[in-house]
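Structural features, examined
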Amino acid sequence: MQNRRKFLQSSLIGSAAVIGGASFAEDRPGRIQSNAGNPIVISTWDFGKAANAAAWEVLSKNGSALDAVEAGVRVPEADPENQSVGYGGLPDRDGRVTLDACIMDAQYRCGSVMCIEHIKHPISVARLVMEKTPHIVLVGEGALEFALANGFQKENLLTESSKKAWQEWLKSSDYKPGINIENKLYKKETDPMPGGKDNHDTIGMLSLDAKGDIAGACTTSGLAFKMHGRVGDSPIIGAGLYVDNEVGGATSTGLGEEVIRIVGSHLVVELMRQGLSPENACKEAVSRILKRSPQKAKEIQVGFLAINKKGEYGAYALQKGFSYAVHSNKEVTLIPGKSHF
Ligand code: SD4
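Before going into details, it helps to say that this report is about the structure given with it. The structure displayed is predicted, hence computed values, not measured ones. (Residues numbered from 1 in each chain as written. Predicted model: local features only at pLDDT ≥ 70, side-chain atom pairs only at ≥ 80, totals over all residues. Heavy atoms only, no water.)

**Details of a nonpolar patch on the surface**
- Side chains of Ile-136, Val-137 and Val-139 sit close together on the surface and give an oily, nonpolar patch of about 230 Å² of accessible area.
- Within the fold, Ile-136 resides in the loop between helix H5 (122–132) and strand E4 (137–139). (Patch = residues over 30% accessible without salt bridge, like charges linked within 9 Å, V, L, I, M, F, W, Y side chains within 5 Å. Areas by Shrake-Rupley, 256 points an atom, 1.4 Å probe, with all protein chains shown as cover. Salt bridge = Lys/Arg side-chain N within 4 Å of Asp/Glu carboxyl O. Helix = DSSP H or I, 4+ residues; strand = E, 2+ residues; numbered from the N terminus.)

Now the structure itself:
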């Protein structure tokens, strides 16, 4: 048995392609040794820096990864300048701000809200769905009712500048998801692949706490001027976020429809289980999107971010301009993500 296990391990490690070929119940190569004692938090885009700082407040006091990611992503959720997450998010084509969020912890517990309106912190509602209900997902009216019943305030989330952007958009009503569409069309960005400091999209955050436990959170207002009721990858466990405490966690940003098709974040975690580094696992997930539709891939953005149990992290995107923020005892930094194009 020992030899067979060794054989399976060495034949799977380093292979980007094999999933589910072996009996993982017995021969799973993936339990990665933990990084306990060295907390770390990573998150998508430049605004991840401020979000990470809030998460670090929790982690540095021996707090849990779950508390850290919730506290972290609440920062962009509350920021009216950020037009793609929470308060101030760009509305759908009917002028309604609808938010998506999910959270997952080290015990496979997870919660999600989809298409929720009037609530500034959907991530905290998602956490309550996880902790107080027998369910995982609440949507729309039901999610709002649940939030109000649990003390959340009903608020107008449509800021003046997001309303103006929507009114501007109504003139053409041209709806075509593109690369970092929120920036490109509605902040009058001229760079065809905007990125760096002006870029604002979904926040996905992953954290490993001092005990070595991993948790993740993902929250967004989704695609600007989407159809009412449209939900992307971000609140879907496995697509926009996945955590397996034996292996690591992953999250995504960009055009959610393409991420859902490949169940992207779950795919990245399973690839890490097989021995791929976080960056290579993200790269392989991006290449699945490329393979399926090389032409379309040129016109959209998708980025993945991942961390493994050892605290190693990495990212990969289709297009330039994807950045991610890292905060640990060793470094506080913003890193330009590698990309295919
Ligand atoms: C969505 N993935 O709703 C989100 C949006 C996003 O960069 O991340 N934009 O599809």
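**Observations regarding the packing of aromatic side chains**
- Applying the stated criterion across every chain, the model contains three aromatic pairs.
- With centroids separated by 5.1 Å and ring planes inclined at 80 degrees, the aromatic side chains of Trp-45 and Phe-322 adopt a geometry described as edge-to-face. Of this pair, Trp-45 sits in the loop between strand E1 (40–44) and helix H3 (48–59) while Phe-322 sits in the loop between strand E10 (313–317) and strand E11 (323–328), and the two are 277 residues apart along the sequence. Across the pair, exposure class does not vary: Trp-45 and Phe-322 are buried alike. (Phe/Tyr/Trp six-rings, centres within 6.5 Å; stacked < 30°, edge-to-face > 60°. Buried < 20%, exposed > 50% of the residue type's maximum accessible area, 1.4 Å probe, protein only.)

**Some words on unusual backbone geometry**
- For His-118, which is not glycine, the phi dihedral falls at a positive 70 degrees.
- In this fold, His-118 is placed in the loop between strand E3 (110–116) and H5.
- Given a relative accessible area of 27%, His-118 falls into the partly exposed group.
- Backbone geometry at Phe-225 places phi at a positive 60 degrees, although glycine is not the residue there.

**Focus on the packing of H3 against helix H4 (residues 65–78)**
- At their nearest, the axes of H3 and H4 sit 7 Å apart, and the two run at 150 degrees to each other. When the interaxial angle is binned, H3 and H4 end up roughly antiparallel. In this structure, the crossing between H3 and H4 has a hand that is right-handed. Along its contact with H3, which presents Ala-50, Ala-51, Ala-54, Ala-55, Val-58 and Leu-59, the element H4 presents Ala-65, Asp-67, Ala-68, Ala-71, Gly-72, Val-75 and Pro-76.
- Class assignment of the residues belonging to the contact of H3 with H4 gives a composition of eleven nonpolar, one polar and one charged. (Axes fitted to C-alpha atoms, helices over the stretch in contact; angles between N-to-C directions. Parallel < 35°, antiparallel > 145°, perpendicular 65-115°, else oblique. Left-handed = near helix turned anticlockwise from the far one by under 90°. Contact = heavy atoms within 4.5 Å. Nonpolar A, V, L, I, M, F, W, Y, C, P; charged D, E, K, R; others polar.)

**Overview of the site of the ligand**
- Around the ligand lies a shell formed by Asp-201, Thr-202, Gly-222, Leu-223, Arg-230, Gly-232, Asp-233, Ser-234, Thr-253, Gly-254 and Gly-256.
- In the environment of the ligand, an oxygen atom lies 3.0 Å from a nitrogen or oxygen atom belonging to the side chain of Thr-253.
- Protein chains bury 98% of the 290 Å² of accessible surface belonging to the ligand in isolation.
- Tallied by class, the residues present in the shell around the ligand amount to one nonpolar, seven polar and three charged. (Near = heavy atom within 4 Å. Polar contact = N/O pair within 3.5 Å; in protein donor to acceptor, adjacent residues only side chain to side chain.)

**Focus on the sheet that holds strand E7 (residues 241–244)**
- Taking strand neighbours across the sheet as the criterion, the four strands line up as E7-E8-E9-E10 in an open arrangement whose pairing is antiparallel. Each edge of the open sheet carries a strand with a single partner, namely E7 and E10. Averaged over all neighbouring strand pairs, the angle between strand axes comes to 10 degrees, with direction disregarded.
- In this structure, strand E9 (residues 302–308) lies alongside E10, joined through five bridges in antiparallel fashion. Pairing of Ile-307 across the sheet is with Tyr-313, part of E10.
- Strands in contact with helix H10 (residues 264–273) are E7, strand E8 (248–254) and E9; relative to E8, the strand with the most contacts, it is inclined by about 145 degrees. (Pairing = 2+ DSSP bridges.)

**Focus on the environment of Phe-322**
- Judged by relative accessible area, Phe-322 falls into the buried class, the value being 1%.
- Separated by 13 residues in the primary sequence, Phe-322 and Ile-335 place their C-alpha atoms 8.8 Å from one another.

**With respect to the nonpolar core**
- Among the nonpolar cores identified, the biggest contains 85 residues, and Ile-103, Val-113, Ile-116, Val-125, Val-268, Phe-304 and Leu-318 are the most heavily contacted of them.
- In terms of nonpolar packing, the next biggest core, distinct from the first, is built from six residues, Leu-90, Ala-165, Trp-166 and Trp-169 among them. (Core = buried A, V, L, I, M, F, W, Y, C linked by side-chain atoms within 4.5 Å.)

**A short note on the packing of H5 against helix H6 (residues 140–149)**
- Two numbers describe how H5 lies on H6: the axes approach to 10 Å, and their chain directions differ by 80 degrees. On the basis of their axis angle, the class for H5 and H6 is roughly perpendicular. When H5 is examined against H6, the residues Val-125, Leu-128, Val-129 and Lys-132 are found in contact with a partner set consisting of Ala-143, Phe-146 and Ala-147.
- Among the residues making up the contact of H5 with H6, the classes are represented as six nonpolar, no polar and one charged.

Purely geometric stuff here, so don't read any function into it on its own.
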